[in-house]
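# Residue-level structural notes
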Amino acid sequence: MPPGNSARTRAHALVHSPARTACLTVAVALLTALAGAPGPAAARDLPDTYVVSTAPGVLPEGIAIGRDGTMYVSSDGTGALYRGRVGDPDLKPFAARGVEDRTSTLGVHTDRRGRVLSVGGATLSVHDRQGRLLATRTALGGPLGAPDLNDLAVTKDAVYVTDWANPVIHRAEIRNGVLGPLEPWLDIRGAFPQFPAQYWLLNGIVANESGTTLLVASNGTEAVWRIGTAAKDVARLDLGEESFGPDGMVLRGRTLYAVLNYGAPHGVYIARLDEELRTGAVTHRLTDGPFDLPTTLARHGCRLYVVNSQLDEPPGRPPYTVSAIADPTCGTP
């Protein structure tokens, strides 16, 4: 996003206006897999629209859906988390302990055991199904100042977090079930040194199943960047001449689902990538859905669940919703 654009656009799966204004060691067993397993209910039995909240100023932002169909949505406007199920059109507040002072929550994800991981401001938090706080980690400031954590991805040995305010990816190691400190892991400026540091605007982040490759969205460079986690090698994902600066993303095998809300018609864009996740082509552009500044998405069964943030006109107007649309690639390996 270039300077002067007032819309706040970020992303999301274990932060978008101008950037806003000692780590603990707590044991927590984190599993690798993210949401996205097929759901039991047929699409015709499920709602097309989910009401996150009718309270003023909520401005939903991130979304995660667990294997059992439990849905979590974060609030950029208040920092709260909301929970529901794919079979019920109404979500309710999720009593997540320890985030009362967080004014904004962005990326949110679940693991196989139903734990909820979320980021906002400078903190990464882990909660159980009952909302008990299992772990909190605090990110250090970057080259441009205080962190503004945006989205997260979980691999078998780490949690990776993007920073909207700094061109930095943070990492918390997972060793023997213990989540280590959240530390600066990669300053991505080296991949494109002539680009102004303050406009990288890192958004969504996803990892392949083995955890060897990350894909990181940069709204400012209008690109997705591929990072090898072993060597920290960075290269631009080649989608031909396509301008592709997503907010939130989902990676399923070689299929990349991305929400675009700047530089292209708002909606969901789907790209098919090569085996090494280096090149690909956009195969679907779903821009005629009931979207209201979509920020990110989740996949469950053969449906895509898209957050309608209303961040272009804060505080927006209730109700704040999530829209469900069919996945046109359903059945593709």
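Shown above is the structure to which this text applies.
Worth saying up front: this structure is predicted, and the values here are computed from it rather than measured.

Next up on the list: unusual backbone geometry. Cis rather than trans, the peptide bond between Pro314 and Pro315 has omega equal to 5 degrees. Within the fold, Pro315 resides in the loop between strand E24 (303-308) and strand E25 (320-326). For the bond running from Pro318 to Pro319, omega is 0 degrees, close enough to zero to count as cis. Among the secondary structure elements, Pro319 is positioned in the loop between E24 and E25. One non-glycine residue, Leu59, lies in the positive phi region at around 50 degrees. As for its placement among the helices and strands, Leu59 is situated in the loop between strand E2 (49-53) and strand E3 (60-65).

Let us now look at the pattern of salt bridges. Inspection of the entire model under this criterion finds nine salt bridges. With a closest N to O distance of 2.9 Å, Arg115 and Asp111 form a salt bridge. Take Asp111: its relative accessible area is 5%, and that puts it in the buried class. With its nearest N and O atoms 2.6 Å apart, the salt bridge here joins Asp187 to Arg189.

Cut-off values and rules
Residues numbered from 1 in each chain as written. Predicted model: local features only at pLDDT ≥ 70, side-chain atom pairs only at ≥ 80, totals over all residues. Heavy atoms only, no water. Helix = DSSP H or I, 4+ residues; strand = E, 2+ residues; numbered from the N terminus. Salt bridge = Lys/Arg side-chain N within 4 Å of Asp/Glu carboxyl O. Buried < 20%, exposed > 50% of the residue type's maximum accessible area, 1.4 Å probe, protein only.

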